[in-house]
Amino acid sequence: FMASITLKNIAIKGISAAVPSHLVKTTDFDFFNESDAENFIKTVGIKERYMADDKTCASDLCTAAAEQLLMDLNWDKEEIGFLAFESVTADYRTPPTSCIIQDRLSLPHSCYTLDLPMGCCGFIYALSVVGSLMMASPSKKGLLLVGDTITRMSSPYDKSRVPLFGDCGTAIALEYDENASDIYIDMETYGEGHSALITPHSGFRHQVTPESFIYEDFGNGVKRAPVHSVIEGMNVFAFAITKPIKALDRFLKNNNIGKNNDVDYFLIHQANQMIVDRVIKKSHIDASKAPLNLDRFANLGGASIPMLMATSISDDLRNRPQKLLMSAFGLGLTCGTAYLETQPMVISNLIKI
């Protein structure tokens, strides 16, 4: 059995996205020679990404995206009852960043705020949580803010991690709508694999000390300190091409969803080209239905799927109903699957700040 949730009368009304103005191409990294960069682009699929400076937080990007979306929707801020901030790069350990954003956006004091640090499955988690809360509340409108400045978590000398990620913030508007189709969501957790994606010295298990900043050379272009995030590449790859694929197959079968007739787009977490290609192949998905934006944005963590919606399929989402199947996997380790049928929505133009 999986953790299954059905959202009734909840609709996505709009999406927006913001990225930092600083664009970094794969060929710009000092630890890549020309041959290394070409091979990375060919195998991983990432040509460029947007990277935040040390003064820009995920909350800044998400707030900019939210302001634009609220303006494009012409929503009254006083009507927004829920605000969730999904990110692993909060402004502080305390207070919750969602409280700070509530003030920055001038949302009402009656707004329910929530932080969710769930990583690559973050959008699906936020959708399930806020959607469920809205079903149990008289408040009709909610905002999901999903974004990270992931690149600031990496050692600048770690070529196994730095070039994989980009920074962004997204905003998703939810509204109670009695005409909305049901949204189906399944989640799975494999906590025994948590060390495959981890920042060793970052919380209270291993608090930050002066030793946390001492670099160690692991060879092969990997030099980092305990305060930096770690990827155990082979373990992550093995997880990504097994558990989420099985979860996707079970999800389709349990909800009687046909891959050909019932899905317009498969929105797969943009981890890297090798993983996405393997998911497509092993799941027997029509590749023309699985859009990619890795080449332009890299891995965006929890904002990966909202950014696909805001860029790669934006015209279709604006102009006609769409049937979307979402598959995300990562930090935790977790994987999530969701299916929803959308009506034409507002998609804001990409913001650069």
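Residues numbered from 1 in each chain as written. Predicted model: local features only at pLDDT ≥ 70, side-chain atom pairs only at ≥ 80, totals over all residues. Heavy atoms only, no water.

Participant: Just give me the short version of the pairing of strand β14 (residues 265-268), but keep the residues and values in it.
Facilitator: On β14, burial covers both faces: Tyr 265 and Leu 267 on one face and Phe 266 and Ile 268 on the other are all buried. When β14 meets strand β15 (residues 322-330), the two strands line up parallel, connected through four bridges. Among the inter-strand pairings, Phe 266 is bridged to a residue of β15, identified as Leu 325. (Buried < 20%, exposed > 50% of the residue type's maximum accessible area, 1.4 Å probe, protein only. Helix = DSSP H or I, 4+ residues; strand = E, 2+ residues; numbered from the N terminus. Pairing = 2+ DSSP bridges.)

Participant: So, the nonpolar core: which residues are in play, and what are the values?
Facilitator: Of all hydrophobic cores here, the largest spans 45 residues; its most connected members are Phe 123, Met 309 and Met 326. By residue number, the principal contributor to this core is helix α4 (residues 122-135), which donates seven residues. Once residues within four sequence positions are removed from consideration, Met 326 is found in contact with Phe 123, Ile 124, Leu 267, Ile 305, Met 309, Gly 336, Thr 337, Ala 338 and Leu 340. Formed by 44 residues, the second largest nonpolar core is a distinct cluster that contains Leu 252, Val 279, Ala 290 and Leu 294. (Core = buried A, V, L, I, M, F, W, Y, C linked by side-chain atoms within 4.5 Å. Contact = heavy atoms within 4.5 Å.)

Participant: A description of helix α1 (residues 34-44) should follow, citing residues and the corresponding values.
Facilitator: Among all positions of α1, only Ala 37, Phe 40 and Val 44 are buried. Projected down its long axis, α1 shows its buried positions confined to an angular sector of 65 degrees, all on one face. For α1, exposure combined with an orientation more than 90 degrees from the buried face picks out Glu 34, Ser 35 and Lys 42. Capping the start of α1, Asn 33 holds a side-chain oxygen 3.1 Å from the backbone nitrogen of Ser 35, two or three residues further along. A positive phi of about 90 degrees marks Gly 45, the residue just after α1. (Arc of directions from axis to C-beta. Polar contact = N/O pair within 3.5 Å; in protein donor to acceptor, adjacent residues only side chain to side chain.)

Participant: An account of the pairing of β15 is requested, with residue identities and associated values reported.
Facilitator: By the criterion of burial, β15 is predominantly enclosed, with eight of the nine residues buried. Pairing of β15 with strand β16 (residues 334-342), which is carried by nine bridges, proceeds in the antiparallel orientation. Paired with Leu 324 across the bridge in β16 is Leu 340. Taken together, β15 and the strand that follows it, β16, pair antiparallel across an intervening segment of three residues, in which Gly 332 is found at a positive phi of about 140 degrees.

Participant: Pulling in residues and values, what's your account of a positive patch on the surface?
Facilitator: On the surface, Lys 243, Lys 246, Arg 278, Lys 281 and Lys 282 cluster together into a patch of positive charge. Looking at the positive patch, the elements that each hand over two or more residues are α6 (243-254) and α7 (273-282). Per-element accounting of the positive patch gives the leading share, three residues, to α7. Take Lys 246: it is sitting in helix α6. (Patch = residues over 30% accessible without salt bridge, like charges linked within 9 Å, V, L, I, M, F, W, Y side chains within 5 Å. Areas by Shrake-Rupley, 256 points an atom, 1.4 Å probe, with all protein chains shown as cover. Salt bridge = Lys/Arg side-chain N within 4 Å of Asp/Glu carboxyl O. Lys, Arg positive; Asp, Glu negative; His and termini not counted. Charge placed at Lys NZ, Arg CZ, Asp CG, Glu CD.)

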